[in-house]
Amino acid sequence: MSNLQVGIRLHDMEPTSLENRLALAKEQDFSCIHLASKIVYKEYGIDRHGLTPGLAAHIRRECEKNNLNIAIYGCYLNLANPDQTQLNEIIEEYKANIRFAHWLGAPLLGTETGCPNTTYSFCPEAHEEEALVYFLKNLKTVVDYAQHYSVTIAIEPVWKHIIYNPKRARLALDFISSPHLKLIFDPVNMLWEGNHTDQKVIFQEMLERNSSDIALLHAKDYTIENGTLTPCAPGSAGNLDYTEILHWQRTCAPFLQATIENSTPENAVDSRIFLSPLKRFQEYAGI
């Protein structure tokens, strides 16, 4: 039977204090959380200079009080920004958040893989070789820094970004060649309007190439409306087939953590139940 540990992004929960969100996550029977730097900044009215060991200790105590651990701490900034001044500032943000993740006891600092512009918006150049080389150079700087703090950077392949498919994810891992670089597997983020019907092939390739480097799952579903793919909460649309992914998890990655995304306060518990070990095992076994 599956032993998937299901968590939630705090910024998808009711807009209340961080402490209250943690208590609610416990009440809703989640086992872990995704904590984003933007939530910490907003909650306490700080910038990176307010990321102190004391603040980390407070958040860590609140998590322990609610029997939760931080599965991943998110810092989603554009490491492919071509403006050198802005890039320098971004790298300093990563360094501050790496230190904070270390103090929090968060094993992973999660990030996406950027676009070669200052607006962090999709452009065709994101899928070209030049963008990949530039991004990997900057990623290596961040991974090398993270290693000093025993933090692992977890990059998330996204179709609209530079690391957009299983092959590119493997290239990034092999180029950096560090135990402090792993992957977040977000199946929906690897899809777009033009390839979602090939999801089974894409996911099989992801697992064949990168299985041993997947450190976390992001779980959601998607809709296609007016030719546009839009993410939604896991199980809410029925378009993402989790059968093989959860079979892989059960057999190859025991106790892997998965944080649900794009949920609302109204459907968060239903999403957790959809991914729950018993329900998914029964569906897989045809019970």
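Computed from a predicted structure; not experimentally measured.

Here's the deal with the state of the cysteines
Two cysteines whose sulfur atoms are joined by a covalent bond form what is called a disulfide. Scanning all chains against the criterion turns up 0 disulfides. Not part of a disulfide, Cys63 finds its nearest cysteine sulfur in Cys32, a span of 10 Å. With relative accessibility at 3%, the residue Cys63 sits in the buried group.

A closer look at the sheet that holds strand S7 (residues 214-219)
Strand order in the closed barrel formed by 8 strands is S1-S2-S3-S4-S5-S6-S7-S10, with parallel pairing between adjacent strands. Strand-to-strand twist of the sheet, defined as the mean angle between neighbouring strand axes without regard to direction, takes the value 30°. By the bridge criterion, 3 bridges tie strand S1 (residues 5-9) to strand S2 (residues 32-36) in an arrangement that is parallel. Residue Arg9 lies in a different strand from S2, and its bridge partner there is His34.

As for helix H6 (residues 166-176)
Residues of H6 that are buried include every one of Pro166, Arg168, Ala169, Arg170, Ala172, Leu173 and Ile176, and no others. The inward-facing, buried residues of H6 abut helix H5 (129-148), strand S5 (152-155), strand S6 (181-185) and helix H7 (199-210). Of the residues one or two after H6, Ser177 is the one with positive phi, at around 50°.

Calculation rules
- Residues numbered from 1 in each chain as written.
- Predicted model: local features only at pLDDT ≥ 70, side-chain atom pairs only at ≥ 80, totals over all residues.
- Heavy atoms only, no water.
- Disulfide = S-S within 2.5 Å.
- Buried < 20%, exposed > 50% of the residue type's maximum accessible area, 1.4 Å probe, protein only.
- Pairing = 2+ DSSP bridges.
- Helix = DSSP H or I, 4+ residues; strand = E, 2+ residues; numbered from the N terminus.
- Axes fitted to C-alpha atoms, helices over the stretch in contact; angles between N-to-C directions.
- Contact = heavy atoms within 4.5 Å.

What is shown is where atoms sit, not what they do.
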